[in-house]
Amino acid sequence: MKKLLTAAMALMLMLFPLAACGDGDDGVIRLNEVTHSVFYAPLYAAINLGYFEQEGITIELTNGGGSDKSMTAVLSGDADIGLMGPETAIYVYLEGRSDYVQIFGQLTKRDGSFLVGRSPETDFDYTGLEGKEIIMGRRGGMPAMTLQYILNQHGYYDGQNITMNYDVQFNLTGPTFANGTGDYVTLFEPTASQLVQEGKGYIVSSIGKASGEIPYTAFMASKSYIQQNGEKLQAFLNCIYKATQYIMTHDNDEVAKVLAPSFAGTSESLLAAAVGNYKDNDTWMTTPSMTEDSFNRLQDVMQNAGELSQRADYDDIVCNEIADKIGK
């Protein structure tokens, strides 16, 4: 991913300055999300409940299909802000770009994936995994790095006493497991609950609970965009905050009805199950400021995976100036 980001930055360097816009524009925010998941429920709830419309904001939502592609969209000016893993902002910063990307709001505070096995294991504790194969996701991505961090802490190392399979594309991990590959797979919602409903797997562990709090998904933009659009971004985060409060104070069935327009073809019962799992997981930030402790834990996970050559400074990457005002 770091190589892809380097190439993207070199290609788009001259184009990026054209992307910046001021507070006096038409209220449009072009938002590129790394993937489409119930994990990001407050964003969709804010859209569907009309919160952005009430603030005079129009969200143009696109799907990057991977953090490298989402970051490329931000760097090229195809997107104003990106919703992706904070590790991507660190990669860009370490490349030495002057107008690098900063995090201005945190959405999720722990890994949103679940470990799915082939049989129910009510007392699963990451023991007895010797010789097993686990479909990890993309090497260098947060789901894979977080799971590797957990497995290493329990004494498991790829190629020694366990097989960590990084060869399956992110969007194919569920179908690949369902078709017989691997003993376990890490999956986000609603895919995890869908496999359970279909009788093709069983959720045995919350990766987020096992790893502890890590700043997992955040809203980010270039330094220049943040500086020039402070009022708009504060209104944006206000909507996310308000939607998060709605989700946490309404039952899962009500939330599922709100989310349904954003998940065509997914049943409300499946959405409700997914929302319930994420509530139980203590997934979402109540206020969007990122702490230095959690930022440092993220870098611990990245270093453990061999994906971080040097650590980045919290004050350079994280801009809490707007987020600190939310909910006050």
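Owing to the predicted nature of the structure, the values given are computational and were not obtained by experimental measurement.

Participant: Can you tell me about the overall build of the protein chain, naming the residues and giving the values?
Facilitator: Secondary structure assignment for the protein chain yields 15 helices and 10 strands. The globule rule puts the C-alpha radius of gyration for 328 residues at 20 Å, and the 19 Å found for the protein chain is close to it. Projected onto the principal axes, the alpha-carbon positions of the protein chain cover approximately 60 × 45 × 30 Å. Taking the intrachain contacts of the protein chain between residues at least 6 apart in sequence as the baseline, contacts between residues at least 24 apart amount to 81%. Here the protein chain has roughly 13,500 Å² of accessible surface; of this, 46% comes from carbon and sulfur atoms.

Participant: I'd love a proper account of a negative patch on the surface, names of residues and values included.
Facilitator: A contiguous patch of negative charge on the surface is contributed by Glu-292, Asp-293, Asp-313 and Asp-315. Positionally, Asp-313 belongs in the loop between α14 (292-304) and α15 (314-317).

Participant: Can you lay out the environment of Leu-187 for me, pointing to particular residues and giving the numbers?
Facilitator: Of note, Leu-187 is situated in strand β8 (residues 184-187). Separated by 44 residues in sequence, Leu-187 and Pro-143 have C-alpha atoms that sit 8.6 Å apart. With residues up to four places along the chain from it excluded, the contact list for Leu-187 reads Gly-112, Ser-113, Phe-114, Val-116, Thr-173, Gly-174, Ala-192 and Leu-195.

Participant: A description of the side chain of Thr-283 should follow, citing residues and the corresponding values.
Facilitator: Tracing the backbone shows Thr-283 in the loop between α13 (268-280) and α14. Accessibility expressed as a relative area gives 1% for Thr-283, which makes it buried. Reaching out from Thr-283, the side chain makes a polar contact with the backbone oxygen of Tyr-278 at a distance of 2.9 Å. Setting aside anything within four residues of it in sequence, one finds Thr-283 in contact with Phe-39, Leu-107, Thr-108, Lys-109, Arg-110 and Tyr-278.

Participant: Would you mind going over the packing of aromatic side chains in detail, with residue names and values included?
Facilitator: Summed over the entire model, instances satisfying the criterion amount to 17 aromatic pairs. Look at Phe-114 and Tyr-278: their rings are 5.7 Å apart centre to centre, the planes differ by 45 degrees, and that puts the pair in the tilted class. With Phe-114 in strand β5 (residues 114-117) and Tyr-278 in helix α13, the pair connects residues that are 164 residues apart, well separated along the chain. The burial state of Phe-114 is the same as that of Tyr-278; both residues are buried. Ring centres 5.8 Å apart and planes at 65 degrees place the aromatic pair Phe-295 and Tyr-314 in the edge-to-face group.

Participant: Break down the sheet that holds strand β7 (residues 163-165) for me, citing the residues and quoting the values.
Facilitator: Pairing is mixed in the open sheet, where 5 strands are placed in the order β7-β6-β8-β5-β9. Because the sheet does not close on itself, it has two edges, and the strands there are β7 and β9 (202-206). This sheet shows a mean twist of 25 degrees between the axes of neighbouring strands, independent of strand direction. Taken together, the 4 bridges between β5 and β9 define a ladder with antiparallel strand orientation.

Participant: Report on the pattern of salt bridges, specifying residues and quantitative values.
Facilitator: Under the definition given, this model contains 7 salt bridges. For Asp-80, the salt bridge identified is with Arg-30, shortest N-O distance 2.7 Å. Placement of Asp-80 in the loop between α4 (67-76) and β3 (81-84) and of Arg-30 in strand β1 (residues 28-33) is noted, with a sequence separation of 50 residues between them. With a relative accessible area of 6%, Asp-80 lands in the buried category. Overall, the relative accessible area of 24% leaves Arg-30 in the partly exposed class. The partner of Arg-110 in a salt bridge is Glu-213, with the nearest N and O atoms 3.9 Å apart. With Arg-110 in the loop between β4 (101-108) and β5 and Glu-213 in the loop between α9 (207-211) and β10 (217-222), this pair connects stretches of sequence that are 103 residues apart.

Participant: Can you break down the nonpolar core residue by residue, with the values?
Facilitator: Note on soluble globular proteins: their nonpolar side chains tend to be buried together. Membership of the largest hydrophobic core comes to 89 residues, with the highest contact counts inside it found for Val-38, Phe-52, Ile-81, Phe-104, Phe-219, Phe-236 and Leu-259. No other element matches helix α11 (residues 230-249), which puts 9 residues into this core. Those residues in contact with Phe-236 that sit more than four places away from it in its chain are Ile-29, Leu-31, Phe-52, Ile-57, Ile-59, Ile-81, Phe-104 and Phe-219. Grouped together as the second largest cluster of nonpolar side chains are 17 residues, Ile-134, Leu-151, Met-164 and Tyr-166 included.

Participant: Quick rundown of the side chain of Thr-173? Include the residues and the values.
Facilitator: Residue placement: Thr-173 occurs in helix α7 (residues 173-178). Apart from residues lying up to four places away in sequence, Thr-173 is in contact with Ile-135, Gly-137, Val-168, Val-185, Thr-186 and Leu-187.

Participant: Which residues make up unusual backbone geometry, and what values do they have?
Facilitator: Look at the link from Glu-189 to Pro-190: it is a cis peptide, with omega at 10 degrees. As for its position among the elements, Pro-190 is in the loop between β8 and α8 (191-197). Positive phi values are uncommon outside glycine, yet Tyr-126 reaches one of about 65 degrees. Summarising the element assignment, Tyr-126 is placed in the loop between β5 and β6 (133-135). Despite not being glycine, Asp-282 shows a phi value in the positive range, around 55 degrees. Position of Asp-282 among the secondary structure elements: in the loop between α13 and α14.

Thresholds, definitions, all that
- Residues numbered from 1 in each chain as written.
- Predicted model: local features only at pLDDT ≥ 70, side-chain atom pairs only at ≥ 80, totals over all residues.
- Heavy atoms only, no water.
- Helix = DSSP H or I, 4+ residues; strand = E, 2+ residues; numbered from the N terminus.
- Rg over C-alpha atoms; globule rule 2.2 N^0.38 Å.
- Contact = heavy atoms within 4.5 Å.
- Areas by Shrake-Rupley, 256 points an atom, 1.4 Å probe, with all protein chains shown as cover.
- Patch = residues over 30% accessible without salt bridge, like charges linked within 9 Å, V, L, I, M, F, W, Y side chains within 5 Å.
- Salt bridge = Lys/Arg side-chain N within 4 Å of Asp/Glu carboxyl O.
- Lys, Arg positive; Asp, Glu negative; His and termini not counted.
- Charge placed at Lys NZ, Arg CZ, Asp CG, Glu CD.
- Buried < 20%, exposed > 50% of the residue type's maximum accessible area, 1.4 Å probe, protein only.
- Polar contact = N/O pair within 3.5 Å; in protein donor to acceptor, adjacent residues only side chain to side chain.
- Phe/Tyr/Trp six-rings, centres within 6.5 Å; stacked < 30°, edge-to-face > 60°.
- Pairing = 2+ DSSP bridges.
- Axes fitted to C-alpha atoms, helices over the stretch in contact; angles between N-to-C directions.
- Core = buried A, V, L, I, M, F, W, Y, C linked by side-chain atoms within 4.5 Å.

The values reported here are purely geometric and, on their own, carry no functional implication.
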